[in-house]
Amino acid sequence: MGIKRIIFHIDMDSYFATVEQQANPLLRGKPIVVSGKEGSRTVIVASSKEAKKFGVKAAMLHHEARKLCPHLEFVEPDGAKYEYLCRKFINIFKQYTEKVEIFSIDEAFLDMSGYVKNWDQAIEKASDIKDLLKQELGDWMSCSVGIANNKLLAKLASGMDKPDGLFLIHEKLKQSILENIELTAFCGIGRRIKKRLTGLEVNTVIDLQSYPLEKLIQEFGKFYGTKLHNMSYGVDSDPVIPDFQSAEIKSVGRTYTLPSNTFDKEEIFSVLMHLCEKVGRELRRKKLSGKTLVYFFRYHDFSHGGFRLTLPGYINDSVRLFDIALKRINDFVLSKSVRLVGVHVSNLIKDYGQLTFLDPDKKQIELLPALDKINDRYGELTVKPAYLLKLKRLRRKVGGFKLNN
Ligand SMILES: [Mg+2]
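Here is what the cut-offs are and how they apply
- Residues numbered from 1 in each chain as written.
- Predicted model: local features only at pLDDT ≥ 70, side-chain atom pairs only at ≥ 80, totals over all residues.
- Heavy atoms only, no water.
- Helix = DSSP H or I, 4+ residues; strand = E, 2+ residues; numbered from the N terminus.
- Polar contact = N/O pair within 3.5 Å; in protein donor to acceptor, adjacent residues only side chain to side chain.
- Donors = N, O, S within 2.8 Å, 3.2 Å for Na, K, Ca; no water.
- Buried < 20%, exposed > 50% of the residue type's maximum accessible area, 1.4 Å probe, protein only.
- Core = buried A, V, L, I, M, F, W, Y, C linked by side-chain atoms within 4.5 Å.
- Contact = heavy atoms within 4.5 Å.
- Patch = residues over 30% accessible without salt bridge, like charges linked within 9 Å, V, L, I, M, F, W, Y side chains within 5 Å.
- Areas by Shrake-Rupley, 256 points an atom, 1.4 Å probe, with all protein chains shown as cover.
- Salt bridge = Lys/Arg side-chain N within 4 Å of Asp/Glu carboxyl O.
- Lys, Arg positive; Asp, Glu negative; His and termini not counted.
- Charge placed at Lys NZ, Arg CZ, Asp CG, Glu CD.
- Pairing = 2+ DSSP bridges.
- Axes fitted to C-alpha atoms, helices over the stretch in contact; angles between N-to-C directions.
- Parallel < 35°, antiparallel > 145°, perpendicular 65-115°, else oblique.
- Left-handed = near helix turned anticlockwise from the far one by under 90°.
- Phe/Tyr/Trp six-rings, centres within 6.5 Å; stacked < 30°, edge-to-face > 60°.
- Lys NZ or Arg CZ within 6 Å of the ring centre and 35° of its normal.
- Nonpolar A, V, L, I, M, F, W, Y, C, P; charged D, E, K, R; others polar.

A. Inspection of the side chain of E282 at higher detail. Along the chain, E282 falls in helix α11 (residues 265-285). A polar contact of 3.4 Å, which involves the side chain of E282, links it to the side chain of R254.

Below is the structure:
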């Protein structure tokens, strides 16, 4: 039987940490993490393969990581470097097929159907890509390639043989692999879905395979119920969507972890102002406007709060973003102390020059490019609305680069 599709999932190994090691040979072979300064309250963004051996993982707190690995080194994130190299390797992938879907800053799917005829050729091509990446990005950089006849299994395969792996899930191997993985190994089953499945006494992939489809649909709806059912059999017909076809950016957001937990609304307003400014700036730079706004808090116990609203029109101006937050947060009762504040805008459209604004205040809009220029040159918020003047400056810059999803 001929192979219908051949899909690669390519995942850069310990991406941010490896990039830092590539850039600085003194860090190579050492357990390092990419994160804010040690002692700051950010979590670990990425850990090197050497740090992973100590059990140091992304999203860990600094003191937890330090306990596991006493000689751990901390490196501050440099988003520009990661984006630059990402563009580079995506261009390499595009030499092999025009169907490249950027899945995240360090992962992509390649539809290789039509470029390779069988699994042997696929493995050969994958090795070529791995070699070329080292040549072009640096010899410390490595990736893991998963090969299968769909995206679901290709993604699973790339995680099977990390780091520097190459793994093929052949039709014949499929069932035995599925029987031996955790449900959460599937891209699409996170902690919350897993919890709901446990509630249905579905604990393994085999359980999911034998769970009646109509009951899954009852619990999760038609779309996701069917998806889960298919997933359990390794079935997935989702196409690889090249970036030129997709709406590239779905949302723009920023978060900030406070230096210490607070109930102080003034302090929260000051953080919010900067986040709105950052988000607004990014929207304008990308010529986008959005109408669904989310303002959220993470409390000291890691629970969440905040609010979400969809406006009748589109905005991308920082002051308006902040105004909306201000009005609502004034009435908002803070039940717990806040450790992280976030602003997120989605439901985006291109080209903010159009007359799609909510209550357009033309003067303000016309002023924006000029204000951006001044702030670009002299620093963030050199020019700002008068009522923001009394708010104190943040103690450190807004970090994190989990910007879009
Ligand atoms: Mg990766």
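B. Spotlight on the coordination of the magnesium ion. Within the protein, the magnesium ion binds to D11 (OD), M12 (O) and D106 (OD); these donor distances fall in the range 2.1 to 2.3 Å. Within one chain, the residues serving as donors to the magnesium ion are arranged as D-M-x93-D. In this pair, M12 sits in strand β1 (residues 7-12) while D106 sits in the loop between β5 (100-104) and β6 (107-111), placing the two residues 94 residues apart along the sequence. Accessibility classification places M12 together with D106 in one group, the buried group.

C. Broad picture of the nonpolar core. In this structure, F8, Y15, F89, F93, L110, L133 and I147 are the most contacted members of the largest nonpolar core, which totals 38 residues. Listing elements by their share of this core, those giving two or more residues are β1, α1 (15-23), β2 (32-34), α4 (79-93), β6, α5 (119-137) and β7 (143-148). Dropping the residues within four chain positions of it, F93 is found in contact with I10, V100, A108, L110, I129 and L133. Core analysis: the next-biggest nonpolar cluster, separate from the first, contains 34 residues, V279, L311, V341 and V345 among them.

D. Quick look at a negative patch on the surface. On the surface, D120, E124, D128 and D131 cluster together into a negatively charged patch. For D128, the position within the fold is in helix α5. We classify D128 as partly exposed; its relative accessible area is 39%.

E. Region of the structure containing the sheet that holds strand β3 (residues 46-47). Taken in spatial order, the 3 strands of this open sheet run β3-β2-β4, and their pairing is mixed. Only two strands of the sheet have a single partner each, and these edge strands are β3 and β4 (73-75). The pairing of β2 with β3 spans 2 bridges and is classified as antiparallel. Directly across from V34, in β3, lies its bridge partner A46.

F. Just the packing of helix α8 (residues 191-199) against helix α10 (residues 213-232), in detail. With their axes 13 Å apart at the nearest point, α8 and α10 run at an angle of 130° to one another. Taken together, α8 and α10 sit at an angle that is classed as oblique. With respect to the hand of their crossing, α8 and α10 are arranged in left-handed fashion. Here I193, R196 and L197 of α8 lie close against α10, whose contacting residues are L216, E219, F220, Y224 and L228.

G. Structural view of the pattern of salt bridges. What the rule picks out here adds up to 18 salt bridges. Here K227 ties to D238 by a salt bridge, and the two come within 3.2 Å at their closest N and O atoms. Here the residue K227 occupies a position in helix α10, and D238 occupies one in the loop between α10 and β9 (251-262), the gap between them amounting to 11 residues. A residue is classified by how much of its surface remains accessible, and K227, at 26% relative accessible area, is partly exposed.

H. Looking closely at the side chain of D317. Its location among the elements puts D317 in the loop between β11 (304-315) and α12 (318-330). Looking at D317, its side chain comes within polar contact range of the main-chain nitrogen of V319, at 3.0 Å. At 3.0 Å, the side chain of D317 forms a polar contact with the backbone nitrogen of R320.

I. A look at the packing of aromatic side chains. Taken as a whole and assessed by the stated rule, the structure comprises 9 aromatic pairs. Aromatic side chains Y15 and F89 sit 5.7 Å apart centroid to centroid with 85° between the ring planes, which places their arrangement in the edge-to-face category. A residue pair is termed long-range when its members are at least 10 positions apart, and Y15 in helix α1 and F89 in helix α4 qualify at 74 residues. Residue Y15 shares its accessibility class with F89, and that shared class is buried. Taken together, the ring pairs in this structure connect Y15, F16, Y82, F89 and F93 into an aromatic cluster. Sitting over the ring of F109, K151 keeps its end group 5.1 Å from the ring centre.

J. Structural view of the packing of α11 against α12. At a closest axis distance of 8 Å, the pairing of α11 and α12 adopts a crossing angle of 150°. Taken as axis vectors, α11 and α12 run roughly antiparallel relative to one another. As for the relative orientation of α11 and α12, their crossing is right-handed in sense. Between α11 and α12, the contacting residues are K265, F269, L272, M273, C276, E277, V279, G280, R281 and R284 on the first element and S318, L321, F322, A325, L326, I329 and N330 on the second. Split by residue class, the contact of α11 with α12 holds 10 nonpolar, 3 polar and 4 charged.

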